[in-house]
Amino acid sequence: MNNRFTILLLAVMITTSCKQSEKLDVKIIGTWTMEKVYEYDNDVTDNHNPENNRWIEFKTDGSFVSDGAPFGRNTGSWTADNNNSILYIDSEIDDDDSEWKVTFDHDQTIWTGIGHPRKENTKLIHKRKK
């Protein structure tokens, strides 16, 4: 291989690996719209997002705001365990704190609840708002 090709190949490999290794606390920043809600593999989106207007915004300062029917506006703070891809949401609403295992698929996230069996069988799918 010639040197120019080798350098180009290395640059592509480094860029690709950096994107793949982006951490949760970086990738989650922005606004996400709720697409689907599953409980025990049953689609319960109509119960949890009946007007298809729920969203959440994660800000760089560690705060979040969310809104939409039927639950309304919520605010609080968030942190991430980057090594285990866990998102911690500390809501200002009593008894509304939560923990989620988060995976990314392009412009979508899949959140799986952590805690007790009902939470562990709950999945939320969000799409990045453009």
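Because the structure is predicted, anything quoted here is derived from the model rather than measured. (Residues numbered from 1 in each chain as written. Predicted model: local features only at pLDDT ≥ 70, side-chain atom pairs only at ≥ 80, totals over all residues. Heavy atoms only, no water.)

**Some points on the side chain of Asn74**
Inference 1: Relative to the helices and strands, Asn74 resides in strand 5 (residues 74-81).
Inference 2: The class of Asn74 is buried, set by a relative accessible area of 9%.
Inference 3: Only 2.9 Å separates the side chain of Asn74 from the side chain of Ser91, close enough to count as a polar contact.
Inference 4: At a separation of 2.9 Å, a polar atom in the side chain of Asn74 contacts the side chain of Asp96.
Inference 5: The contact partners of Asn74, leaving out residues within four places of it in the chain, are Phe64, Val65, Ser66, Ser91, Glu92, Ile93 and Asp96. (Helix = DSSP H or I, 4+ residues; strand = E, 2+ residues; numbered from the N terminus. Buried < 20%, exposed > 50% of the residue type's maximum accessible area, 1.4 Å probe, protein only. Polar contact = N/O pair within 3.5 Å; in protein donor to acceptor, adjacent residues only side chain to side chain. Contact = heavy atoms within 4.5 Å.)

**Section: the confidence of the model for the protein**
Inference 1: Of the residues in the protein, 84% reach a pLDDT of 70 or more, and the chain-wide mean stands at 88.
Inference 2: Segment residues 5-20: pLDDT under 50, and one contact once partners within four positions in sequence are set aside and those in other chains are kept. (pLDDT = per-residue confidence, 0-100.)

**With respect to unusual backbone geometry**
Inference 1: Residue Pro70 follows Ala69 across a cis peptide bond; omega there is 10°.
Inference 2: The residue Pro70 is located in the loop between strand 4 (63-67) and strand 5 in this model.

**Some words on the pairing of strand 7 (residues 98-105)**
Inference 1: Sheet analysis places strand 6 (residues 86-91) next to strand 7, joined by four bridges and oriented antiparallel. Within strand 7, the position partnered with Leu87 by the bridge is Trp100.
Inference 2: Bridge count between strand 7 and strand 8 (residues 108-113): six bridges; the pairing is antiparallel. In the sheet register, Val102 faces strand 8, and the bridge partner there is Trp111. (Pairing = 2+ DSSP bridges.)

**Looking at a negative patch on the surface**
Inference 1: The grouping of Asp90, Glu92, Asp94, Asp95, Asp96, Asp97 and Glu99 at the surface amounts to a negative patch.
Inference 2: Mapped onto the fold, Asp94 is located in the loop between strand 6 and strand 7. (Patch = residues over 30% accessible without salt bridge, like charges linked within 9 Å, V, L, I, M, F, W, Y side chains within 5 Å. Areas by Shrake-Rupley, 256 points an atom, 1.4 Å probe, with all protein chains shown as cover. Salt bridge = Lys/Arg side-chain N within 4 Å of Asp/Glu carboxyl O. Lys, Arg positive; Asp, Glu negative; His and termini not counted. Charge placed at Lys NZ, Arg CZ, Asp CG, Glu CD.)

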